[in-house]
Amino acid sequence: MERMKKTRINDLDVEYEVIPRKVKYPRLEIKTGFLKVIVPEGYDGADRLVEKHKKWIYDRLCRLESSRQKARNRSLNLERTDEEFRHLVNDLVHEFANYLKVDFEVVRFRKMKSRWGSCSSTGNININRYMIHLPDELIEYVVFHEVAHLVEMGHNKRFWNLVSQKFGDYREFEDELSIYWILIRERFIDVAKN
């Protein structure tokens, strides 16, 4: 199977890689501006999958390019200490857990390359240490997002309604996180690969 392919979607030439894995269902990923088509081993419908989802691919790539442009007007917080960051996050977790009337087990900090945080069904909250460089309101948003998973684990309508009660149009926060993720990748993650 040919792994690298190209297609044209509207005004974009899109290169993509077909990656066979031991997965049950095919999926599309765009994380760094490059399309990956992850398919079950022996699957031969990658081109049809791309064709079927070309609007989603186009929209996602355009949003990513827009975020790159906006990132030029943002800067990372390089002044906050690790102690200040941990204190801020722990205070927010307690505040939001109280607000949502939920319990959590532990808050852990670790560097993550693909997400800002996570929450397990057992109440463990993981926070990406790169968040130390975000503006306070984005840290608050991510922490609330993770604590809200203690009420609703999935990203369904109930979950987003809960988030919007506290943060209004959460899409604006999600867009800002995408913009800051570009800055984090450029400054810390991509540099470490070279």
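Residues numbered from 1 in each chain as written. Predicted model: local features only at pLDDT ≥ 70, side-chain atom pairs only at ≥ 80, totals over all residues. Heavy atoms only, no water.

*Asks:* Teacher, can you tell me more about the side chain of Glu-152 here?
*Replies:* As for its position among the elements, Glu-152 is in the loop between helix H4 (136–148) and helix H5 (157–167). Given the relative accessible area of 17%, Glu-152 is considered buried. One polar contact links Glu-152 to Arg-158, side chain to side chain, over a distance of 2.7 Å. With residues near it in sequence (within four places) discarded, Glu-152 still touches Arg-158 and Phe-159. (Helix = DSSP H or I, 4+ residues; strand = E, 2+ residues; numbered from the N terminus. Buried < 20%, exposed > 50% of the residue type's maximum accessible area, 1.4 Å probe, protein only. Polar contact = N/O pair within 3.5 Å; in protein donor to acceptor, adjacent residues only side chain to side chain. Contact = heavy atoms within 4.5 Å.)

*Asks:* Sorry, what's going on with the confidence of the model for the protein chain here?
*Replies:* Detailed reading of the predicted model is not advised wherever pLDDT is low. Summarising the model, the protein chain shows a mean pLDDT of 92, and 96% of its residues fall at 70 or more. When mean pLDDT is compared element by element in the protein chain, helix H3 (residues 82–100) scores highest at 98, while helix H6 (residues 170–193) scores lowest at 84. (pLDDT = per-residue confidence, 0-100.)

*Asks:* Please clarify how the sheet that holds strand S7 (residues 124–128) should be interpreted in this entry.
*Replies:* Note: strands within a sheet are paired through backbone hydrogen bonds, in either parallel or antiparallel orientation. If you walk across this open sheet you meet the three strands as S5-S7-S6, and the pairing is mixed. Single-partner strands in this sheet number two, and they are strand S5 (106–110) and strand S6 (117–119). Averaged over all adjacent pairs, the angle separating strand axes in this sheet is 15°, with direction ignored. Inspection of the sheet shows S6 paired to S7 by three bridges, in the antiparallel sense. By the bridge assignment for S7, Gly-117 is matched with Ile-127. Strands S5 and S7 of the sheet are contacted by H3, whose axis makes an angle of about 145° with S5. (Pairing = 2+ DSSP bridges. Axes fitted to C-alpha atoms, helices over the stretch in contact; angles between N-to-C directions.)

*Asks:* I'm lost on a negative patch on the surface in this one. Help?
*Replies:* On the surface, Asp-91, Glu-95, Glu-137 and Glu-140 cluster together to form a negatively charged patch. For the negative patch, the secondary-structure elements that each account for two or more residues are H3 and H4. With respect to the helices and strands, Asp-91 occurs in helix H3. Relative accessible area serves as the criterion here: at 41%, Asp-91 is assigned to the partly exposed category. (Patch = residues over 30% accessible without salt bridge, like charges linked within 9 Å, V, L, I, M, F, W, Y side chains within 5 Å. Areas by Shrake-Rupley, 256 points an atom, 1.4 Å probe, with all protein chains shown as cover. Salt bridge = Lys/Arg side-chain N within 4 Å of Asp/Glu carboxyl O. Lys, Arg positive; Asp, Glu negative; His and termini not counted. Charge placed at Lys NZ, Arg CZ, Asp CG, Glu CD.)

*Asks:* Is there a simple way to explain the pairing of strand S4 (residues 35–40) in this structure?
*Replies:* Remember that side chains alternate between the two faces of the sheet whenever the strand is regular. The buried count for S4 comes to five of six residues, which makes it a mostly enclosed element. With six bridges connecting them, strand S2 (residues 12–21) and S4 associate as parallel partners. Across the sheet, the residue bridging to Arg-21 is Pro-40, located in S4. Summarising the sheet, strand S3 (residues 27–30) and S4 pair through four bridges and their orientation is antiparallel. Bridge pairing links Arg-27 to Ile-38 in S4.

*Asks:* What exactly am I supposed to notice about H3 here?
*Replies:* Two residues of an α-helix separated by three or four positions point the same way, owing to the 3.6 residues in each turn. The end-to-end C-alpha separation of H3 is 27 Å, in line with the 27 Å expected for 19 residues at 1.5 Å each. Among the residues making up H3, those that are buried are Phe-85, Val-89, Leu-92, Val-93, Phe-96, Ala-97 and Leu-100. All buried residues of H3 fall inside an arc of 125° around its axis, so they share one side. Exposed residues pointing more than 90 degrees away from the buried face of H3 are listed as Glu-83, His-87 and Asn-98. (Expected span 1.5 Å × (residues − 1). Arc of directions from axis to C-beta.)

*Asks:* Just to check I follow, could you spell out the pattern of salt bridges for this structure?
*Replies:* Close approach of charged atoms allows side chains with opposite charge to pair. As enumerated under the stated definition, the model contains 13 salt bridges in all. Where Arg-27 meets Glu-29, a salt bridge forms, and the shortest distance between an N and an O atom there is 3.1 Å. Across the pair Arg-80 and Asp-136 runs a salt bridge, and its minimum N-O distance is 2.2 Å. Pair noted here: Arg-80 is in the loop between helix H2 (54–71) and H3 and Asp-136 is in helix H4, with a separation of 56 residues, a long-range link. Overall, Arg-80 belongs to the buried group, its relative accessible area being 14%.

*Asks:* I tried to follow the sheet that holds S3 on my own but got confused; where do I start?
*Replies:* Reading across the sheet, the four strands line up as S1-S2-S4-S3 and stay open at both edges, with mixed pairing between neighbours. Two strands close off the open sheet at either side, each with one partner strand: strand S1 (4–9) and S3. Strand-to-strand twist in this sheet, taken as the mean axis angle between neighbours without regard to direction, amounts to 30°. With respect to the sheet, H2 is in contact with S1, S2, S3 and S4, its orientation differing from that of S3 by roughly 15°.

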